[in-house]
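# Overview (structure and organization)
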Amino acid sequence: MEVIRIVNSALYIIVGLITFGIGLKFLLSKNFFSYHREATGLEWNNIDKSLQMIILAIMKMAGIGIICLSVLIITYPFVLMNSDNFFDKYLVSIISLIFWIGSFSITFNVHKKTNANTPWKGSLFSIILIVIAILLSVL
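Residues numbered from 1 in each chain as written. Predicted model: local features only at pLDDT ≥ 70, side-chain atom pairs only at ≥ 80, totals over all residues. Heavy atoms only, no water.

A few words now on the pattern of salt bridges. Summed over all chains, the structure comprises 2 salt bridges. Here R5 and E2 are joined by a salt bridge, their closest N and O atoms 2.7 Å apart. Of the two residues, R5 and E2 both sit in helix α1 (residues 2-27), 3 residues apart, roughly one turn of that helix. For R5, a relative accessible area of 37% puts it in the partly exposed group. For the salt bridge of R37 with E43, the shortest nitrogen-to-oxygen distance reads 4.0 Å. When its relative accessible area of 34% is taken as the criterion, R37 is described as partly exposed. Owing to a relative accessible area of 43%, E43 belongs among the partly exposed residues under this scheme. (Salt bridge = Lys/Arg side-chain N within 4 Å of Asp/Glu carboxyl O. Helix = DSSP H or I, 4+ residues; strand = E, 2+ residues; numbered from the N terminus. Buried < 20%, exposed > 50% of the residue type's maximum accessible area, 1.4 Å probe, protein only.)

Quick look at the structure:
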């Protein structure tokens, strides 16, 4: 049983670190990502400066939120995962799953509609890790 808990914790920590990296990328961005350029057909320098400011503000706000989620995911195995309370035990898993399913849906939809090389595969990978972790926690 201890091995399952260690593997389970490791899966959440991996997803948390992936989530942190995504949040940091959004937070530190100086312009939109390459797949945004592919999807829109626009170069960053051709976008009006005030619109650039709004795009970056939205990206930075998203980055802050994603980093907050990553801290929750990373600390989850150490704080709540072993609780007997159903709410405590599965809340972070459900929130993580909602975030990554949303991320997958959005990036995959943009990929399908524009053929841009969006990071939908990374989102799907995170979903798979969370589902495996949830299944392990049921054991």
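Between its terminal C-alpha atoms helix α4 (residues 86-114) stretches 41 Å, which fits the 42 Å expected from 29 residues at 1.5 Å a residue. Buried-residue contacts for α4 involve α1, α3 (49-79) and α5 (120-138). Backbone geometry just downstream of α4 places N115 in the positive-phi region, at approximately 65 degrees. (Expected span 1.5 Å × (residues − 1). Contact = heavy atoms within 4.5 Å.)

When the terminal C-alpha atoms of α5 are compared, their 27 Å separation across 19 residues agrees well with the 27 Å that a helix rising 1.5 Å per residue should span. Of the residues making up α5, those classed as buried are W120, S123, S126, I127, L129, I130, A133, I134, L136 and S137. Buried positions along α5 lie against α1 and α4.

Y12, V15, I73 and I130 are the most contacted members of the largest nonpolar core, which totals 16 residues. Elements that contribute at least two residues to this core include exactly α1, α3, α4 and α5. Each residue touching V15, except ones within four places of it in the same chain, is listed here: I73, W100, S126, L129 and I130. Judged by nonpolar contacts, the second largest core, of 10 residues, contains F32, F33, I47 and M59. (Core = buried A, V, L, I, M, F, W, Y, C linked by side-chain atoms within 4.5 Å.)

With that settled, consider the packing of α1 against α4. Two numbers describe how α1 lies on α4: the axes approach to 12 Å, and their chain directions differ by 45 degrees. The orientation of α1 with respect to α4, classified from their angle, is oblique. Note on packing geometry: the crossing formed by α1 with α4 is left-handed. Packed against α1, whose contacting residues are Y12, V15, I18, T19 and I22, the element α4 presents S93, F99 and W100 at the interface. (Axes fitted to C-alpha atoms, helices over the stretch in contact; angles between N-to-C directions. Parallel < 35°, antiparallel > 145°, perpendicular 65-115°, else oblique. Left-handed = near helix turned anticlockwise from the far one by under 90°.)

Positionally, S70 belongs in helix α3. Other than its neighbours up to four places away in sequence, S70 contacts G16, T19 and F20.

Bringing the side chain of S29 into the picture now. Relative to the elements of secondary structure, S29 occurs in the loop between α1 and α2 (34-40). Owing to a relative accessible area of 9%, S29 belongs among the buried residues under this scheme. Polar side-chain contacts of S29 include one of 2.6 Å to the backbone oxygen of K25. Leaving out residues up to four positions away in the same chain, S29 has contacts with L56, M59 and K60. (Polar contact = N/O pair within 3.5 Å; in protein donor to acceptor, adjacent residues only side chain to side chain.)

Glancing now at the packing of aromatic side chains. Applying the stated rule across the entire model yields 8 aromatic pairs. Both rings, one in Y12 and one in Y76, keep their centres 4.8 Å apart while their planes meet at 75 degrees; by these two values the pair is edge-to-face. Note that Y12 is positioned in helix α1 and Y76 in helix α3, a separation of 64 residues in sequence. For the ring pair F99 and W100, a centre distance of 4.9 Å and an interplane angle of 80 degrees mean the geometry is edge-to-face. Feature note: the residues F26, F33 and Y35 constitute an aromatic cluster, connected by ring pairs. For K25, the ring lying beneath its charged end belongs to F33, and the centroid distance is 4.7 Å. (Phe/Tyr/Trp six-rings, centres within 6.5 Å; stacked < 30°, edge-to-face > 60°. Lys NZ or Arg CZ within 6 Å of the ring centre and 35° of its normal.)

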